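Here is how the chains run, residue by residue.
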Amino acid sequence: MKPPPEISRLPREPGVYRFRDASSHVLYIGRATDLRARTASYFGNLGNRPHLIRMVNRIARVEAVACASVHEAAWLERNLLEDRMPRWNRTPGGQEVPLYLRLDSGPATPGLHLTHRPNRATHGPFLGGLRTRLAVRALQKIKPLPYAGETLTGAEREMAALYGVRPEDRERLAQALTEVLDRRPQAVREVLEALTARRDEASAALDFERAAERQEEIEAVEWLTSVQRACSPAAEDCEIHGWAGGVLVSFTVRGGRLSGWRQRRCASPPRLPPTPQIWQPFAQRNAELAAGLQVTDRS
C-alpha cells in the first residue's frame, strides 16, 4: 500500500503520531524515536501481522506531535491513551511502569531509592522500571553515595575504600546526584562523559559484553535526564494553542499531564486565552508541523 504523502514531510524527531481513516476517526496512537521512519515502517512488509495489515489499509491521514525527547513522547502517548484508546491500540496507557526516585542523604541508607509514591522529596516521574533501575545503577557508580553511609557492612566498607568514599563525602555526592536529577547540563554531561570513558575502556580491552552494558547505562541515563514536560507535578493546569498556516493545534494540561491533543483548520488565528510562555515554543512548533502536513481534525 502506498503511504500517505505527509509521511515524507514528517521530521526525523521524537514524537507521537496518530492515524486517521477516511471518516477522520482515530485508528491508532503511537510514539516514535524518528517520526518519519516509524510511520513509514507500517507501509513496508508487515509479514504475519494481519491485524496491522487491516489497520494500514484504512489509513487515510497521519498527524504528529514533535516532542523534546523520546521520554516526553512516551509520556504524551501514555496520557493520550489513558484519555481515550483508539480501536487498534491494545494497552491503555502503555506498558512502562511510572516510578519516582527518592534521594536519601542520611547516614543509615544514603542513595537513590525507587518508589511508586511521590512526595516533595522525590524526583520524577520516570517511565520504565528497567530503564530507571539501570540509570540508578549507573549514576551510583559515578557518584557512589551508598558507600558514604555510616552503617556499612564489611563488603560495603571494601567498596567504599575502592571508590575512595568517606562519610564526610555524603552531602557532596547527594548534591551532585540532585543536580543530575534536576537536569543541570554540566552535571549530566560529566556523568555521561564518565560512563562513555568506561565504555571505551572496555571496548579497547575487547571486553565487548561490558562495553555493551556501559552503552545501555548511557542510554538509560540519557532517558532519565532528557527534557520531559508531558508529565510534571509542577505543571499548572492550562490550555495550549498554536496557529500556523491555517491550522489551529490545541492541547490541555490537567493534573500535571499534557493531553487533549486537538487540531482543526482555522483561516485566521482565533481569539483564545494566551498560551503560557513556557509552552509557546512547543505550541508553535507543532502548529507549524500540522500546517506542513496539511491536516484537519473533525473529531
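This text goes with the structure placed above it.
Residues numbered from 1 in each chain as written. Predicted model: local features only at pLDDT ≥ 70, side-chain atom pairs only at ≥ 80, totals over all residues. Heavy atoms only, no water.

Moving on: the pairing of strand S2 (residues 26-32). With 5 of 7 residues buried, S2 lies mostly within the body of the structure. Where strand S1 (residues 15-20) meets S2, 6 bridges bridge the pair, whose relative direction is antiparallel. When the bridges of S2 are listed, Val16 appears paired with Arg31. Linkage of S1 to S2, two consecutive antiparallel strands, is achieved through a turn of 5 residues, within which Ser24 is found at a positive phi near 75 degrees. (Buried < 20%, exposed > 50% of the residue type's maximum accessible area, 1.4 Å probe, protein only. Helix = DSSP H or I, 4+ residues; strand = E, 2+ residues; numbered from the N terminus. Pairing = 2+ DSSP bridges.)

Turning to the sheet that holds strand S5 (residues 111-115), a few remarks are in order. With antiparallel pairing, the 3 strands of this open sheet are ordered in space as S5-S4-S6. Here the strands that pair on one side only, and so sit at the sheet edges, are S5 and strand S6 (122-127). The sheet shows a mean angle of 30 degrees between the axes of neighbouring strands, taken without regard to direction. Pairing geometry for strand S4 (residues 98-104) and S5, over 5 bridges, is antiparallel. Residue pairing for S5: Asp104 is matched across the bridge by Gly111. The strands that helix H3 (residues 70-83) touches are S4 and S6; relative to S6, the one it contacts most, it runs at about 75 degrees. Across the face of the sheet, helix H6 (residues 170-181) comes into contact with S4, S5 and S6 while running at roughly 155 degrees to S4. (Axes fitted to C-alpha atoms, helices over the stretch in contact; angles between N-to-C directions. Contact = heavy atoms within 4.5 Å.)

Moving on, we get to the side chain of Thr122. Mapped onto the secondary structure, Thr122 falls in strand S6. Exposure remark for Thr122: the relative accessible area of 15% places this residue in the buried category. Separated by 2.8 Å, the side chain of Thr122 and the backbone oxygen of Asn119 make a polar contact. For Thr122, the contacting residues outside a window of four places in its chain are Tyr100, Leu101, Arg102, Thr115 and Arg117. (Polar contact = N/O pair within 3.5 Å; in protein donor to acceptor, adjacent residues only side chain to side chain.)

A word on the pairing of S4. By the criterion of burial, S4 is predominantly enclosed, with 5 of the 7 residues buried. One ladder, built from 4 bridges, connects S4 with S6; its direction is antiparallel. Following the sheet pairing, Leu101 is matched in S6 by His123. Between S4 and S5, which pair antiparallel in sequence order, lie 6 residues.

What follows concerns H6. Spanning 12 residues, H6 covers 16 Å between terminal C-alpha atoms, matching the ideal 16 Å at 1.5 Å per step. All of the buried residues along H6 are Arg170, Leu173, Ala174, Ala176, Leu177, Val180 and Leu181. One side of H6 carries all its buried residues, which in axial view fall inside an arc of 160 degrees. Where H6 is buried, its residues meet S4, S5, S6, helix H4 (129-142), helix H7 (185-204) and helix H8 (208-225). A positive backbone phi angle near 65 degrees is found at Arg183, which sits one or two residues after H6. (Expected span 1.5 Å × (residues − 1). Arc of directions from axis to C-beta.)

Attention now moves to the packing of aromatic side chains. Inspection of the entire model under this criterion finds 9 aromatic pairs. Ring plane angle 35 degrees and centroid distance 6.3 Å describe the contact between Tyr17 and Tyr28, whose orientation is recorded as tilted. In this pair, Tyr17 is assigned in strand S1 and Tyr28 in strand S2, connecting sequence segments 11 residues apart. Across the pair, Tyr28 and Tyr17 agree in class, each one buried. Here Tyr17 and Tyr42 contribute two aromatic rings whose centre-to-centre distance is 5.9 Å and whose plane-to-plane angle is 65 degrees, an arrangement assigned as edge-to-face. Remark: Tyr42 occurs in the loop between helix H1 (35-41) and helix H2 (50-56) and Tyr17 occurs in strand S1; sequence separation between them is 25 residues. Both residues of the pair, Tyr17 and Tyr42, belong to the buried class. Aromatic rings pair up to connect Tyr17, Phe19, Tyr28 and Tyr42 into one cluster. (Phe/Tyr/Trp six-rings, centres within 6.5 Å; stacked < 30°, edge-to-face > 60°.)

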